[in-house]
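Structural overview
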Amino acid sequence: MITSHMYKMAFLSEGIALNANPGQFVHIKVPGDNSLLLRRPISIYDVHPQTGMVEIVYQVVGKGTRILSGMNAGQVIDVLGPLGKGFTISREIKSAFVVGGGCGIAPLKLLMRRLKEMGVVVTALLGFRSREAVYGLEEFEMLSDRVLVTTDDGSLGRKGLVTQVLEEELQQLLPDIMFACGPTPMLKVVQRLAKEYSVPCQMSLEERMGCGIGGCLVCSCAVRTPDGGFEYKRVCKDGPVFWSQEVMLDEATIGC
Amino acid sequence: MITSHMYKMAFLSEGIALNANPGQFVHIKVPGDNSLLLRRPISIYDVHPQTGMVEIVYQVVGKGTRILSGMNAGQVIDVLGPLGKGFTISREIKSAFVVGGGCGIAPLKLLMRRLKEMGVVVTALLGFRSREAVYGLEEFEMLSDRVLVTTDDGSLGRKGLVTQVLEEELQQLLPDIMFACGPTPMLKVVQRLAKEYSVPCQMSLEERMGCGIGGCLVCSCAVRTPDGGFEYKRVCKDGPVFWSQEVMLDEATIGC
Amino acid sequence: MKPRLDVEICGVSFKNPVIAASGTFGFGREYAEYVDLNMLGGIAVKGLTLLPKKGNPPPRIAETPSGILNSVGLQNPGIDYFIEHELPELLKYDTRIIVNINGNTIDEYCRMAEKLRDVPVHFLELNISCPNVKQGGVAFGTHPDVVYDITRSVKAHAKQPVLVKLTPNVTDIKEIAIAVEKAGGDGISLINTVLGMAIDAKKRRPVLANIVGGLSGPAIKPIALRMVWEVAQVVSIPIIGIGGITTGEDVVEFLLAGATAVGVGTANLISPTACIDIVNQLEEYMVQNGIGDVNELIGGLRV
Amino acid sequence: MKPRLDVEICGVSFKNPVIAASGTFGFGREYAEYVDLNMLGGIAVKGLTLLPKKGNPPPRIAETPSGILNSVGLQNPGIDYFIEHELPELLKYDTRIIVNINGNTIDEYCRMAEKLRDVPVHFLELNISCPNVKQGGVAFGTHPDVVYDITRSVKAHAKQPVLVKLTPNVTDIKEIAIAVEKAGGDGISLINTVLGMAIDAKKRRPVLANIVGGLSGPAIKPIALRMVWEVAQVVSIPIIGIGGITTGEDVVEFLLAGATAVGVGTANLISPTACIDIVNQLEEYMVQNGIGDVNELIGGLRV
Ligand SMILES: Cc1cc2nc3c(=O)[nH]c(=O)nc-3n(C[C@H](O)[C@H](O)[C@H](O)COP(=O)(O)OP(=O)(O)OC[C@H]3O[C@@H](n4cnc5c(N)ncnc54)[C@H](O)[C@@H]3O)c2cc1C
Ligand SMILES: Cc1cc2nc3c(=O)[nH]c(=O)nc-3n(C[C@H](O)[C@H](O)[C@H](O)COP(=O)(O)OP(=O)(O)OC[C@H]3O[C@@H](n4cnc5c(N)ncnc54)[C@H](O)[C@@H]3O)c2cc1C
Ligand SMILES: Cc1cc2nc3c(=O)[nH]c(=O)nc-3n(C[C@H](O)[C@H](O)[C@H](O)COP(=O)(O)O)c2cc1C
Ligand SMILES: Cc1cc2nc3c(=O)[nH]c(=O)nc-3n(C[C@H](O)[C@H](O)[C@H](O)COP(=O)(O)O)c2cc1C
Ligand code: FES
Ligand code: FES
C-alpha cells in the first residue's frame, strides 16, 4: 500500500522485465476466485532487468484489485505480458511534457526513465486528488528535469487541474512532444491543447478488455479514418497508446 | 493431513463445541472461490467444550475439500452448526456395536466418547482400504472396549470387509444396538444384518445438500411409510441418522 | 436519516423490497431460527400442489460454476395441509405471504385459488413453469395463449392479487408478459430457473437423478436482469425480479432495470441470513449514494 | 499407449475434438504467438459478413459471475478481405478451418457461401443468432421454418459441408435442430451466447454501451450441456458442443452428452493457451480412465 487507495506490487518475470516498453501493460489473472474470469490490465510501472523484477501500481476499485491487494509475498501470480503498443519515442525528440492524472500516472515512470536515458528534457505535470493520493514523487523528480504537481484541493503543489498548469506551460514553451495518461476528461483537454498548440501528443487509453492480445475485439476505441469517418481499433493491440489527433474520446466511455 | 487423503481441521466455535451431539454435522462455506456456491457438509469428529475447539476429518474428493485442505492456521472459516439429528442414545443401552467404513468413521469418535461416558460396552468395527488409510486408531481404542480393524488388502487387521467381521461377531453375541456410518454398499449389508439378527440399528446417511437446515428439500432420502409406500425425508434435518429399518438404500445413490 | 425501504405492489405495502423466493425458504419455519422473519419484505412459500407430492429421487442438487441445479420436483404436503398446519405458524409474523401454486391443469390452479379465497394470505403466485400434463408436458409458461388462459381463469377464482411467475425458457419473454397483463394478471415474477444439466465426467452419469434440472444463482443473474429490463419496457404491472441475487447491489440492479421488488432464492441456501443481510446492504447502498427512498431506484436505469 | 483423439465430422477428420470457437480466436494470427495452431482440432474464424462491419460502441464486455457478456456486434473486415488477406495466413497451418458467416438476409448467406465455393476451407458455419433484418430484427434462429429455409438455401449454394450454429434463446431447441437436419444441414454447432445484461449499480447504467449482450463462459455450461443432450436425442447429424468449456473434463461432459467435437470460446480470452491446455487435459483424462479412443465417449452418458 503506497497511498490509502494505491497499492504497489512487484513480481519476478524476466521476459517482461527485459522486453517491456513504456506504456505497455500486463494482463493479470485474479487468483483464487474462479467466479472472476477476466484478467485485469495494469500498466507496467517500472522494471529491473537485472533482477527480473516488474513493478505495478494500482488502485483498488473492485473485486479483482481488492483480491490482488490481499496477496502475500511468495504467492504465484499468472501474468501475461508485456502487451500492447507503448509510447513511441523517436530519436529526434529533445524535449517532452509528460502529463498524468491520478492512477494514470503509473505508466509514466518507465517512460520518464527511457526519456532520461535518451537525454530528453522532461517536464512532468502530475495531477492528484490530494496530498494523500500522491506517490512516487521523489522518483519522478529524479527521472525528470522538472515536476509540477497539482492537487484538486491544493493540499500539495498548485490547487487545481493539471491541465490548467499544462496550458500555462504551453504558453511559455512548446515541447517537441507530449505524452499523456489519465482519466478521459483530462485526456480530452490535453487533446484539445495539443491541437491548439500544434504539439504532437501520444495518449494512453483504457478500455474493458477480454483477451488482451488482439483476438476478441472487445476493447475498442474509435479512431478517425482518412475518409472522415472512424473505425474501431483495439486498445490492447493497436494501443493502448494512440496519437491524440486520431482518437475520438467521445466514443470512449471508461475513465481510470 | 492425517493420511495420504484425509485431513483433520480444528476450529474454534463455542456454540458447536458445547451443543454438538454425535452424528451431527457442520456445513462449511468454501472460502475464496465464489464460483463454488454450496456449503460442504462434514461430520463433527470431536469437540472440546472447555476450549471451544471443534475437529473435523475429511477426505479430499473435489474442489471444495481441496481448498479446505489448503487453508492455513489463523484463517477464518464460515461454519453453520451443529446441524441435523444425530445418533439417539437411550439410557437403557448396555452394549453397542459401532460400525464404520472409510471416511464414514468420522462421526463415530464423538459417538464412542458419549457411549463410554454412559457406561456402554462398545465394540468398534472399523474398515479401511489399507494401512495407509487408517487414522485415529489409538483414540478409538481408548474410547471403546474392543476395536476390530479390517483392511481391504489385509495390510492391517483382518483382510476383508468390515461387514464380514460384523456378521461373525453377531453370531457370537448380540448387542443392544448398532450404529453405522460408511459407504452405501456397506450400509446395505449392515441393514440386512440388523434385520436378520433383529438388532436395532441407526445409520448415518449422506446426500448432496443445499441449505443444510431443512428449507430447500434437495437432500432427500427415501423412508418407508406405514402404508407400505415411501416418502422423501431430509437428510439434513430429519437425519443424517435414521433407523436402519426405515431407510430405503436403493433410492440413495451417493456414497461417501 | 434512515432511508425509506417500503414499496407497494397492487396496493399491498411491503416493509422492504426483499422477498424470500419460493422453494428456497421452506414455509419460513426452518429459517426462523436464524433470522427474524418480521424483517423480511415477504415470503413466497414452497410451491404447493392440490394434492401432496413426493418429488423427484435424489440427487436433487448439483453445483455448477456460480450456480446450482435443482430437481426437487415440487415435493410438498399439498395445499390443504399448508393451510391447516403451516400457515398458522407463518401468520405469527408481520410479513407479506405469497402462496406459490402449481397445477397440472388450469382447473387445478383454479381450485387452489378457490381454497385460498378466505385464507389471510396476500398474494397468489402462479408458477407456470411446470409441465402441462394436458398439453403433453410442455410447460404452461411457454405459450402466450396458454398463459393468457390460465391467468384469466385464475383471476376469475382468486380473491387475492395474482402474480404470474414466468419461466425464462422461452424465445420471447415480452409476449408472455404482455399476455399476463392483458389477461388481468396483477404482477409478474421473473425469472424461474433456467433448464440445465450437469454431468459427472468420472462416473459418466448425470449428476441429477432427474438428468436435467433448474439452474439458479449468480450465474443466471445477467439473464434475469435482461428479462426484467425487457418486460419492464412492455408492461405496466409491477415486476418482482428474481435470479441470482446475493447482495444489496444486486437488488439495486434489478430495481433499476424496472422491478418493484425482488425475490432471493439460491442465496438462502448459501446462508440462512441472506435475505436480511441483503436488506441491510441495500440500506447501506442507499445511505452511501444519498438515496432517501427506494422507490427512486425503480426503473431508474440511465440509458 | 497414447489414446486416439481424432474424430470425424462429415467425412472430414479432426486431429482432436477441440475447435477454437468463432469470435474468440480472431483469425488465429494473434494466438499463433502463444500456441502451435497445428495442435488444434480446428479454428472457427471470427464471424464474417458480406461487407465490412464496424461493430458496436464500447464498452463491449462485462464480467458476470463465472461468465462474461459481450456485444462486439460482429466487427469484421468483410468476407472478401478475409479470403484475400487472412485466409492465406491461416492455410499455413494444418488444422480444420470453419468459416463463420452472418447475414442480414438469406440471400447474403448464400452469396457468402458462393464466394467460399472455391476457397480451401473445410466447413461453413451459419451463425443464425443475428437479427434478421427482413423479419423485423428477430433472430433467424428462433423460428424452425426460417431455420429450415436458410439451411436449405445455403446448402444449394455451398460446396463445403454446412454447420448451423444455433442460438439458445429459444423455447424448444429440439424443433430448431430437427429443422436443420430436415433441410439437409450437415451438422449443428450449439450453443451461441445467451442474451443477458449487466448493470453498474454505482453509475446506475448498463455496463455495455449496447445495453444487452451475449452471455458466455462457465456460467452457461449447464444450459449448453442440456441443449446438446436434448438435441442429440432427436437428430443424427453431428453436434459441435459449445458453452463454458474451460477444462478437459468439460470436453468429456459434452462428448458424453452427444457432441462429436467441441468449441472453446471464452476460455481463449482467459488464457491464450486454453485450447491446447484443454486438449492435454482431455488426453490425461483418457489415460487415467483407460479410454483408448475418444470416440468411445461420444454419446456415452449412462442414464
Ligand atoms: C491498458 C490499461 C492499463 C491500466 N493500468 C492501470 C494501472 O496501472 N493502475 C491502475 O490502478 N489501473 C489501471 N488500469 C485500470 C484497471 O485495469 C482497472 O482498474 C481494473 O481492471 C479494475 O478491476 P477490478 O476487478 O478491481 O474492478 P471491477 O470493476 O470489479 O472490474 C470488473 C471488470 O471491469 C474491468 N474494468 C473496470 N475498470 C476498468 C478500467 N478502468 N479499465 C479497464 N477495465 C476496467 C475489469 O478489468 C473487469 O473486467 C488500466 C487499464 C487499462 C486498460
Ligand atoms: C451429513 C454428511 C456428513 C459428512 N461427513 C463427512 C466427513 O466427516 N468427512 C468427509 O470426508 N466427508 C464427509 N461427507 C462428504 C462430504 O460432504 C463430501 O465429500 C464433500 O462435500 C465433497 O466436496 P468437494 O467440493 O470436495 O467435492 P465436489 O465433488 O467438487 O462437490 C460438488 C458438490 O457435491 C457435493 N458432494 C460431493 N460428494 C458428496 C457426498 N459424498 N455427500 C454429500 N455431498 C457431496 C458437495 O458438497 C458439493 O455440493 C459428509 C456428507 C454428509 C452429507
Ligand atoms: C431448491 C429450489 C426450489 C425451488 N422451488 C420453487 C418452487 O417450488 N416454485 C417456484 O415458483 N420456484 C421455485 N424455485 C425457483 C426460485 O424461486 C427462483 O425463481 C429461482 O431459483 C431463481 O432465483 P435465484 O437465482 O435467486 O435462486 C426453486 C429454486 C430452488 C433453487
Ligand atoms: C467476444 C466473443 C465474440 C463472439 N463472436 C462470435 C461470432 O462472431 N460468431 C459466432 O457464431 N459466435 C460468436 N461468439 C460465440 C462463441 O463462439 C460461443 O458460441 C459462445 O461464446 C459460447 O461458448 P463459450 O462459453 O466457450 O464462450 C462470440 C463469443 C464471444 C465471447
Ligand atoms: S481485449 Fe481482446 S482484442 Fe483487445
Ligand atoms: S439441504 Fe436443504 S433441506 Fe436438506
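Before reading on, note that the structure itself is shown above.
What comes next is a walk through the structure. (Residues numbered from 1 in each chain as written. Chains lettered and ligands numbered in written order. Predicted model: local features only at pLDDT ≥ 70, side-chain atom pairs only at ≥ 80, totals over all residues. Heavy atoms only, no water.)

Some details on the overall build of chain A
- A tally of helices and strands in chain A yields 6 helices and 15 strands.
- Taken over the C-alpha trace, chain A has a radius of gyration of 17 Å; the compact-globule value for 256 residues is 18 Å, and the two agree within 12%.
- Counting only C-alpha atoms and orienting by the principal axes, one finds that chain A spans roughly 50 × 45 × 35 Å.
- Out of the 256 residues in chain A, the part that is buried amounts to 57%. (Helix = DSSP H or I, 4+ residues; strand = E, 2+ residues; numbered from the N terminus. Rg over C-alpha atoms; globule rule 2.2 N^0.38 Å. Buried < 20%, exposed > 50% of the residue type's maximum accessible area, 1.4 Å probe, protein only.)

Here we look at the interface of chain D and chain C
- Each partner contributes residues to the interface: chain D has 44 residues there, and chain C has 44 residues.
- Both sides of the chain D and chain C interface together cover about 3,800 Å² of buried area, and 64% of this is carbon and sulfur.
- Here chain D and chain C share 2 salt bridges between them.
- A salt bridge links Glu-249 of chain C to Lys-202 of chain D; the shortest N-O distance between them is 3.0 Å.
- Counting the contacts that link chain D with chain C gives 14 residue pairs in polar contact (both at pLDDT 80 or more).
- Counting residues per element, the ones that place at least two in the side of chain D that touches chain C are strand 11 (194-197), strand 13 (205-206), strand 14 (212-216), helix 6 (221-234) and helix 7 (248-257) of chain D.
- Here the side of chain D that touches chain C gets 6 residues from one element, more than from any other, and that element is helix 6 of chain D.
- Taken together, the residues that form the side of chain D that touches chain C break down as 27 nonpolar, 8 polar and 9 charged. (Contact = heavy atoms within 4.5 Å. Buried area = accessible area lost by both parts, 1.4 Å probe. Salt bridge = Lys/Arg side-chain N within 4 Å of Asp/Glu carboxyl O. Polar contact = N/O pair within 3.5 Å; in protein donor to acceptor, adjacent residues only side chain to side chain. Nonpolar A, V, L, I, M, F, W, Y, C, P; charged D, E, K, R; others polar.)

Observations regarding the environment of Ala-156 of chain C
Residue and element names in this part refer to chain C.
- Here Ala-156 lies in helix 4 (residues 144-157).
- Using a relative accessible area of 59% as the deciding quantity, one classes Ala-156 as exposed.
- Separated by 42 residues in sequence, Ala-156 and Glu-114 have C-alpha atoms that sit 9.6 Å apart.

Here's the deal with the packing of helix 3 (residues 106-115) of chain D against helix 4 (residues 144-157) of chain D
All names here are of chain D.
- Where helix 3 contacts helix 4, the axes come no closer than 8 Å and their chain directions differ by 25°. Here helix 3 is positioned roughly parallel relative to helix 4, judged by the angle of their axes. For the element pair helix 3 and helix 4, the recorded crossing hand is right-handed. Contacts from Ile-106, Tyr-109, Cys-110, Ala-113 and Glu-114 in helix 3 reach Asp-149, Ile-150, Ser-153, Val-154 and His-157 in helix 4.
- Across the contact of helix 3 with helix 4, the residue classes break down as 6 nonpolar, 2 polar and 2 charged. (Axes fitted to C-alpha atoms, helices over the stretch in contact; angles between N-to-C directions. Parallel < 35°, antiparallel > 145°, perpendicular 65-115°, else oblique. Left-handed = near helix turned anticlockwise from the far one by under 90°.)

Quick word on the site of ligand 4
Residue and element names in this part refer to chain D.
- In the vicinity of ligand 4 there are 22 residues, among which Ser-22, Lys-165, Gly-217, Gly-244 and Thr-266 approach most closely.
- A distance of 2.6 Å is found between an oxygen atom of ligand 4 and a backbone nitrogen or oxygen belonging to Gly-244.
- Between ligand 4 and the protein, one listed contact pairs an oxygen atom with a backbone N or O atom of Gly-265 at 2.9 Å.
- Across the complex, the protein chains shield 97% of the 610 Å² of accessible surface that ligand 4 would expose by itself. (Near = heavy atom within 4 Å. Areas by Shrake-Rupley, 256 points an atom, 1.4 Å probe, with all protein chains shown as cover.)

Topic: the sheet that holds strand 6 (residues 79-83) of chain B
All names here are of chain B.
- Taken together, the 3 strands give an open sheet; going across it, the order is 3-2-6, and neighbouring strands pair in antiparallel fashion. Here the strands that pair on one side only, and so sit at the sheet edges, are strand 3 (40-43) and strand 6. For this sheet, the mean angle separating the axes of adjacent strands, direction not counted, is 25°.
- Relative to strand 6, strand 2 (residues 25-28) is paired through 3 bridges, and the arrangement is antiparallel. The partner of His-27 across the bridge, within strand 6, is Leu-80. (Pairing = 2+ DSSP bridges.)

Quick look at the interface of chain D and chain A
- Each partner contributes residues to the interface: chain D has 34 residues there, and chain A has 29 residues.
- Summed over both partners, the interface of chain D with chain A buries about 2,600 Å², with 61% contributed by carbon and sulfur atoms.
- Considering only the side of chain D, the residues that lose the most area to chain A are Pro-58, Glu-63 and Ile-270 of chain D, jointly responsible for 24% of the buried surface there.
- Counting every contact that joins chain D to chain A gives 3 salt bridges.
- Residue Glu-63 of chain D is joined to Arg-40 of chain A by a salt bridge in which the shortest nitrogen-to-oxygen separation is 2.7 Å.
- At the junction of chain D with chain A, the criterion picks out 11 residue pairs in polar contact (both at pLDDT 80 or more).
- Contributions of two or more residues to the side of chain D that touches chain A are made by helix 1 (29-32), strand 5 (61-64), strand 6 (67-70) and helix 8 (267-270) of chain D.
- Counted by class, the side of chain D that touches chain A contains 15 nonpolar, 13 polar and 6 charged residues.

Considering the site of ligand 3
Residues and elements named next belong to chain C.
- Close to ligand 3 lie 22 residues; Ser-22, Lys-165, Gly-217, Gly-244 and Thr-266 are nearest.
- Within the side chain of Asn-127, a nitrogen or oxygen atom sits 3.1 Å from an oxygen atom of ligand 3.
- For the shell around ligand 3, a count of residues per class yields 5 nonpolar, 15 polar and 2 charged.

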